[in-house]
Every structure is written in C-alpha cells, then in structure tokens.
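What follows is the residue order along each chain.
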Amino acid sequence: MLPTTRNAGRTTGSIPRRRFPKVRFSKTIAATLAGTLMSLSLPALAADLPEIQERGYMEVATEDNYAPFNFIEAGNAKGFNADMLEELRDYADFEIRQDILPWTGLLAAVSNDQYDMALTGASVSDERLRVFNYTPPYASAQHFAIKRAGDDSLQSVADLSGKTLGVQAGSVLLSRLPELKTMLEEKDGELGEVVQYASYPEAFADLANGRLDYVIDSAVPVNTLVASKPDVFAKGPAVSGAGYVSWPIPKDSPKLLDYMTGFLDHMKETGRLAELQKKWFGESFPNLPDEPLTSVAQFHELAGLDD
C-alpha cells in the first residue's frame, strides 16, 4: 500500500520509524523563511525577453548543492548547469546575472518574479507545470531502482514485489509511486513497504546495510551514484514511465521560453549538449522531446502517463 502521510520514516511495519534530524528541519525552515522574506522585501525583477534585452541583462537563480547539476568544488562552481551557464553567456547578446539560492526557496523566488528563470536541475511535475513552463528537456528523469551490488534477486520489476523501498519525502519520485504499483499489479505483484527519508544519503546508507531492499531515484543521480560506488550499489530496473529535467520559466514569459528553446537547439546542433550530458550524466539523451513543456496534458502524453 502507498503511505498515507509524509512522515519522516516508515509508516508501518516492524523496523523502527526513522525521524528526520532536527538540524535538517531547522535549516529547511530557515531557508524557507529567508525565501519568504525575500519575496516580501525585494522588488519584482522578472521580465519577458523584450524587457530583458532593453535593460541589458537576465537574472537567473541557481543552486550549489545538487551534483552533478550544480555544486561547489574547491570554491568553484561545477556541474552541468555551470557549464551551460557559460555557454549561455557566450550565446546571449545580453548579460547573464546569477544568484545562488537554497533549493527550498529557489522555485518560490522565481514564481514570485524575483528572477527571470531557474537555471537548475528541476524535474517536471504536474504541480510545477501549473506555475511554470519548461524548456525542452536536457536530461531524463525516468525513475530506476537502486539495489546493492551483487544482488541478483532484483532483475526485473516483478522481482520488486513486496520488497521494502526507500524514497525521498515530498519528492516527485514519491508522487509517481502509483505507476510502480500499477506495474507490479500487472505482474500479479504488490508494492512493498515504503520508507520516506529527509535525504538520499540516509536512504543509501540504509540500503547498503540491508535495512532496505532498494531505493528509487531518477536516471542522472542513479548513474552518478553507481559510477562513484560500483562495489556498493547497482542500477536496477526502470520503475516509472518517462520523466524529464529542464529549466522552469514563468508562464508570463513566452518569448523568453522561445529564446531559451533556441539556445538549446543551438547546443544540440553543435553537439555541445551531448558532450556535456556525457561529461556530467554518464550518457547522452538523444530521444528527449524537442519542444517546450507547457501543460500537464502535454507532459502526460509525452511521458505516456495516461496509457
């Protein structure tokens, strides 16, 4: 059964309930409050393309703690989006200004018109599509099972029946668990116990020590984890339909969406996008949609979510 709450840990069962560390909640609350105060005190900056061109700069929000998309190494910005930001600066005929925000307040700041767009690794979801349009996807966010290295018992979706799984609380991955439930039922199986975690490192630790049978994450983090710890973890079967990662842009900026779509088209045509995908994600994604994502219905059709 799917969990009915978003508590930080197991909802039922014999394994003790896990609790979110208090320090993590305090940081999250502080970041959220900071984002709220920003929205109350700062003037609106967001604009569509004509105003951006007239004023001579675009303001983008990024983060710095989500490898391989954005992170800091030896004091320097690294990751796929850091490289893409430099490519955008070469491409654009206006200045690109960047502010680094905590993830907890980033999308809220963009939706409150404090920034023109979010240049970060944001998965597409129904909820977010009601607030933002998305540029054409630059990475897959299909969900996969992560298992312990050498565990040959989990080869297919059917093998996941009844197994205990870990997932991040409040995440897009959690919201799409009904897809896995349906996939299992079609094979006469059932979704096992679901354990929700405040962060993935905690879930991976429990997987490694045998408290979980598998963890669910999206394609890019799975590739990164397995490449970094091949003796500990292995990639398991896909547990969802298609999913996408791209840049959110406010819905009242259609010309900016067109401009950023043109930039991504340029990156594809030059081959530079595939180079950066392989560099940071471990694979390129040649079969992603070429068009912007602008509605829940379009997203469902492209991802096969209504099949």
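Details of the structure are given in the entry above.
Calculation criteria
Residues numbered from 1 in each chain as written. Predicted model: local features only at pLDDT ≥ 70, side-chain atom pairs only at ≥ 80, totals over all residues. Heavy atoms only, no water. Axes fitted to C-alpha atoms, helices over the stretch in contact; angles between N-to-C directions. Helix = DSSP H or I, 4+ residues; strand = E, 2+ residues; numbered from the N terminus. Parallel < 35°, antiparallel > 145°, perpendicular 65-115°, else oblique. Contact = heavy atoms within 4.5 Å. Nonpolar A, V, L, I, M, F, W, Y, C, P; charged D, E, K, R; others polar. Core = buried A, V, L, I, M, F, W, Y, C linked by side-chain atoms within 4.5 Å. Buried < 20%, exposed > 50% of the residue type's maximum accessible area, 1.4 Å probe, protein only. Pairing = 2+ DSSP bridges. Lys, Arg positive; Asp, Glu negative; His and termini not counted. Salt bridge = Lys/Arg side-chain N within 4 Å of Asp/Glu carboxyl O. Polar contact = N/O pair within 3.5 Å; in protein donor to acceptor, adjacent residues only side chain to side chain. Left-handed = near helix turned anticlockwise from the far one by under 90°.

Once that is clear, we can look at the packing of helix α10 (residues 254–270) against helix α11 (residues 272–281). Between α10 and α11, the least distance of the axes is 4 Å, while the angle of their chain directions is 85 degrees. One way to sum up the angle between α10 and α11 is to call them roughly perpendicular. Seen from α10, the contacting residues are Met267, Lys268 and Thr270; seen from α11, they are Arg272, Leu273 and Leu276. Tallied by class, residues from the contact of α10 with α11 come to 3 nonpolar, 1 polar and 2 charged.

Here we take up the environment of Ala122. Mapped onto the elements of the fold, Ala122 is located in strand β7 (residues 122–123). Sequence separation of Ala122 and Ser246 is 124 residues, and the distance between their C-alpha atoms is 5.8 Å. For Ala122, the residues in contact, after removing those within four places along its chain, are Trp103, Arg128, Tyr134, Tyr138, Tyr244, Val245, Ser246 and Pro248.

As a further point, take the nonpolar core. Ranked by size, the top nonpolar core spans 45 residues in total, and within it Met58, Met84, Tyr138, Trp247, Met260 and Phe281 carry the most contacts. Elements supplying a minimum of two residues to this core: α2 (49–55), β1 (57–62), α3 (80–91), β15 (244–246), α10, α11 and α12 (296–303). Residue contributions to this core peak at 7 residues, all from α10. The next biggest cluster of nonpolar side chains, apart from the first, holds 31 residues, and it includes Phe144, Ala145, Leu177 and Ala203.

Now for the environment of Asp152. Among the structural elements, Asp152 can be located in the loop between β10 (143–148) and β11 (165–168). As a C-alpha pair, Asp152 and Gly236 span 84 residues in sequence and 9.7 Å in three-dimensional space.

Turning next to the sheet that holds strand β6 (residues 117–118). Here we have 3 strands laid out as an open sheet, ordered β5-β1-β6, and parallel in their pairing. What marks the edges here is a single partner per strand, and that holds for β5 (95–100) and β6. Bridging between β1 and β5 involves 6 bridges; their strand directions are parallel. Each bridged residue has a counterpart across the sheet, and for Ala61 the counterpart in β5 is Asp99.

With that out of the way, let us pick up the sheet that holds β10. One open sheet accounts for 5 strands, arranged β12-β11-β13-β10-β14; its pairing is mixed. Two strands lie at the open edges of the sheet, namely β12 (194–197) and β14 (233–238), each paired on one side alone. Averaged over all pairs of adjacent strands, the angle between strand axes in this sheet comes to 35 degrees, irrespective of strand direction. Sheet topology places β10 next to strand β13 (residues 214–218); 4 bridges connect them, and they run antiparallel. Paired with His143 across the bridge in β13 is Ser218.

Below, the discussion takes up the side chain of Glu63. Examined against the element boundaries, Glu63 turns out to sit in the loop between β1 and β2 (65–66). Although Glu63 lies buried, it forms no salt bridge, and the closest oppositely charged side chain, Arg128, sits 8.9 Å away as judged by the N-O distance. A polar atom in the side chain of Glu63 sits 2.6 Å from the side chain of Thr120. Not counting chain neighbours up to four residues away, the residues in contact with Glu63 comprise Asn70, Ile100, Leu101, Trp103, Leu106, Thr120 and Gly121.

What follows is about the environment of Glu283. Relative to the assigned elements, Glu283 resides in the loop between α11 and α12. By relative accessible area, which is 29% here, Glu283 ends up partly exposed. Separated by 60 residues in the primary sequence, Glu283 and Asn223 place their C-alpha atoms 8.6 Å from one another. Each residue touching Glu283, except ones within four places of it in the same chain, is listed here: Asn223, Lys235, Gln277 and Lys278. At 2.8 Å, the side chain of Glu283 and the side chain of Asn223 are in polar contact.

Residues of α12 that are buried include every one of Val296, Gln298, Phe299, His300 and Ala303, and no others. Buried residues along α12 sit against α5 (126–129) and β15. Phi turns positive one or two residues past the end of α12, at Gly304, with a value near 70 degrees.

Once that is clear, we can look at the packing of α3 against α11. α11 packs onto α3 with a crossing angle of 155 degrees between their chain directions and a minimal axis gap of 9 Å. By the angle class used here, α3 and α11 are roughly antiparallel. When the axes of α3 and α11 are compared, the crossing they make is right-handed. In this structure, α3 uses Phe80, Asp83, Met84 and Glu87 to contact α11, whose residues at the interface are Arg272, Leu273, Leu276, Gln277, Lys279, Trp280 and Phe281.

What follows deals with unusual backbone geometry. In most cases, non-glycine residues show a negative phi, while peptide bonds are predominantly trans. In the segment running from Ala67 into Pro68, the intervening peptide bond is cis, with an omega of 5 degrees. Position of Pro68 among the secondary structure elements: in the loop between β2 and β3 (70–73). The backbone of Ala74 shows a phi angle near 55 degrees, a positive value even though the residue is not glycine. In this structure Ala74 comes out as exposed when scored by relative accessible area, which is 78%.

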